[in-house]
Amino acid sequence: MLVAAEASGDDRGAGLARALKRRLGEGVRFVGVGGERMAAEGVRSPFDIADISILGLLEGLMAYPRIVRRADETAAVAARERPDVAVLIDSWGFTLRVAQRLRRQFPELPLIKYVGPQVWATRPGRAKTLAAAVDHLLSIHAFDAPYFEAEGLPVTFVGNSALSLDFSKADPVRLRRQIGADPADSILLVLPGSRPGEIQRVLPPFEDAVRRLKADRPGLHVVIPAAPTVAELVKACVAGWPFRAHVIEGDQGKLDAMKAATVALACSGTVTTELALAGVPLVVGYRIGTVTYALLKGLIRTRYITLFNIAAQAFVAPELVQGECTGANLAREVALRLDGAELRAHQVEAQYAALDAMGRGGPDPSEAAAEAVLKVLAGRQ
C-alpha cells in the first residue's frame, strides 16, 4: 500500500513503485492513494489528492473533517485489500492520521513513513509522535536520523529523489520552438506551487513581479510548468493576465522548460532542488496564512526554508517570505539575475556546491527506498 497526498509525494510514490516492480516483477500489486503518476504505476486512488493538499495551520483546522473522512476512506482501502506493508509518503497531517487508523485496525501491518517531518527546523515533538505511529522511517536527509532514533524509531537514509532527476532527455530547443523564443531570448520560469492554497497566495505577487519585469523587458518569455494537482487552477488564473504566459503540462515539458530557463521564480518546495539541479538560478517566494505564520514564527529554528540554502547555511538563492514576498521585491531580485550573467553563473555554482553537500550523484533514492521496504517486510515476516 502506497499513500501520498501531494505532487512531490506522488512523484516519490511512483518512483518507489517502479523500483519495487523491478525487484518483484509480476509478484507485486499496489493499492492506496496518489495522483496521476502513481496511477500510471497501478495505484488506483479512491479520491483526488488535491482535496487533501492543505497549506497552513488554520486551513488545516478548517479542513480537519475532510482530512478525517479521507483518512477513514484510506483505512477502508486497507481493510478491503489487506496489504502486506504500507508506505506513507510525506504529508504529515494526513499520513499521521492514516497511520494511527492502520495501527489500531491492523496492529501487525508494517508501517513505513517515507520522508519525516522537519523536526530539525520546527516542532521537535513530532519525532516522538511519529515513533509511536510507525515502524520505520525512510529519510531523505542524512541529518534526520538522530532526532528519530532518539525516540526509538529505526531510520534508513535513502536520499532525496529530486537529486536524481534525469535531465538527459530534456530538450531546451524544443521548448524554445514551442513558445516561439529565439536562442538568445531570455526565459523566466514561474513555479507557483503544487497546492491550491499556494496558488491562491503565491501566484498574485508572482504575477505582479512578472508584470513589472515585462514592462521593462517586453521580449521576456514567461513559462509556467503547472503541477497536475493545480493545472486547471493555474490555467484559469493565467487566462486573465494582461500578458502572455505559456502554461506547460507534463513531465517532459517541465524538464525542457527547466533546461531552457534563464532564471526561475519559484514557490518554496521540492521544485527548488529540481531547478538547482537543472542549473537554473532562482528566486524563492512564499506566503502562508497570517495566523499560521504568526504561530509558526516562534517555533521555526532555522533561518532558511530552501533545502539547499539549509545545506549551505547561506542564502544561496534569495528567499522572500510573507510580507517580503511582494511583486516589487521579487521583480528586483529576478531582474538582477536576468541582467547579470556573472551573478547567474556565481549562483548556479553555489547551488551545485550545496547540492553536493545534500548528496547529489549518490545512489538512486527510489532504489534505496525499495530495498529498505523489502528489508522491513522480510524482517516482519
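Just above, that's the structure.
The structure reproduced in this document is the subject of the present report. (Residues numbered from 1 in each chain as written. Predicted model: local features only at pLDDT ≥ 70, side-chain atom pairs only at ≥ 80, totals over all residues. Heavy atoms only, no water.)

1. A word on the sheet that holds strand E1 (residues 2-4)
So, step 1. Strand order in the open sheet formed by six strands is E2-E1-E3-E4-E5-E6, with parallel pairing between adjacent strands. The sheet is open, and its two borders are formed by strand E2 (32-33) and strand E6 (155-157), each paired with just one other strand.
So, step 2. Bridge count for E1 against strand E3 (residues 86-89) is three bridges, and the pairing is parallel. Across the sheet, residue Leu2 finds its bridge partner in E3, namely Val87.
So, step 3. Strands E1, E3 and strand E4 (111-114) of the sheet are contacted by helix H1 (residues 7-24), whose axis makes an angle of about 160° with E1. (Pairing = 2+ DSSP bridges. Helix = DSSP H or I, 4+ residues; strand = E, 2+ residues; numbered from the N terminus. Contact = heavy atoms within 4.5 Å. Axes fitted to C-alpha atoms, helices over the stretch in contact; angles between N-to-C directions.)

2. Some details on H1
So, step 1. With 18 residues, H1 extends 25 Å between its outermost C-alpha atoms, agreeing within 8% with the 26 Å of an ideal straight helix rising 1.5 Å per residue.
So, step 2. Residues of H1 that are buried: Ala7, Ser8, Gly9, Asp10, Arg12, Gly13, Ala14, Gly15, Leu16, Ala17, Ala19 and Leu20.
So, step 3. Considering only its buried residues, H1 is in contact with E1, helix H2 (36-40), E3, E4, helix H12 (270-278) and helix H17 (365-380).
So, step 4. Positive phi shows up at Gly25, right after H1, with a value of about 60°. (Expected span 1.5 Å × (residues − 1). Buried < 20%, exposed > 50% of the residue type's maximum accessible area, 1.4 Å probe, protein only.)

3. Regarding the pattern of salt bridges
So, step 1. Applying the stated criterion to the full structure yields 26 salt bridges.
So, step 2. Close ionic contact of Asp51 with Arg66 constitutes a salt bridge, the shortest N to O distance being 3.1 Å. Of this pair, Asp51 sits in the loop between H2 and helix H3 (57-62) while Arg66 sits in helix H4 (residues 64-81); the two residues are 15 residues apart in sequence, bridging distant segments of the chain.
So, step 3. Of the residues examined, Asp51 reaches a relative accessible area of 22% and is grouped as partly exposed.
So, step 4. A cluster of three or more residues bridged by salt bridges with shared partners is formed by Arg22, Arg23, Glu367 and Glu371. (Salt bridge = Lys/Arg side-chain N within 4 Å of Asp/Glu carboxyl O.)

4. Remarks on the packing of helix H11 (residues 251-260) against H12
So, step 1. Between H11 and H12, whose axes approach to 9 Å, the crossing angle comes to 55°. Taken as axis vectors, H11 and H12 run oblique relative to one another. Relative to H12, the crossing made by H11 is right-handed. Residues Lys254, Met258 and Lys259 of H11 form the contact with H12, whose participating residues are Val271, Glu274, Leu275 and Ala278. (Parallel < 35°, antiparallel > 145°, perpendicular 65-115°, else oblique. Left-handed = near helix turned anticlockwise from the far one by under 90°.)

5. A closer look at the nonpolar core
So, step 1. One finds Leu175, Leu189, Val223, Leu275, Leu282 and Phe308 to be the most contacted residues of the largest nonpolar core, which totals 37 residues.
So, step 2. If one sorts the elements of this core by residue count, H12 sits on top with five residues.
So, step 3. If you look at the next biggest cluster of nonpolar residues, it comprises 36 residues, including Ile67, Ala78, Ala86 and Leu96. (Core = buried A, V, L, I, M, F, W, Y, C linked by side-chain atoms within 4.5 Å.)

6. Focus on the pairing of strand E10 (residues 263-267)
So, step 1. Counting buried residues in E10 gives five out of five residues, a clear majority hidden from the surface.
So, step 2. Both faces of E10 are covered, namely the face carrying Val263, Leu265 and Cys267 and the face carrying Ala264 and Ala266.
So, step 3. As defined by bridge partners, strand E7 (residues 187-191) adjoins E10 across four bridges and the pair is classed as parallel. Across the sheet, Leu188 pairs through a bridge with Val263, a residue of E10.
So, step 4. What joins E10 to strand E11 (residues 282-286) is H12, and the crossover it makes is right-handed. (Right-handed = clockwise from strand over helix to strand, strands pointing away.)

7. Details of the environment of Thr272
So, step 1. Within the element layout of this structure, Thr272 appears in helix H12.
So, step 2. A relative accessible area of 1% means that Thr272 is categorised as buried.
So, step 3. Sequence separation between Thr272 and Leu307 is 35 residues; the distance between their C-alpha atoms is 8.0 Å.
So, step 4. Filtering out sequence-adjacent residues up to four positions away, Thr272 remains in contact with Ala266, Cys267, Leu282, Val284, Thr306 and Phe308.
So, step 5. Within the local environment of Thr272, its side chain forms a polar contact with the backbone oxygen of Gly269, the two atoms lying 2.7 Å apart. (Polar contact = N/O pair within 3.5 Å; in protein donor to acceptor, adjacent residues only side chain to side chain.)

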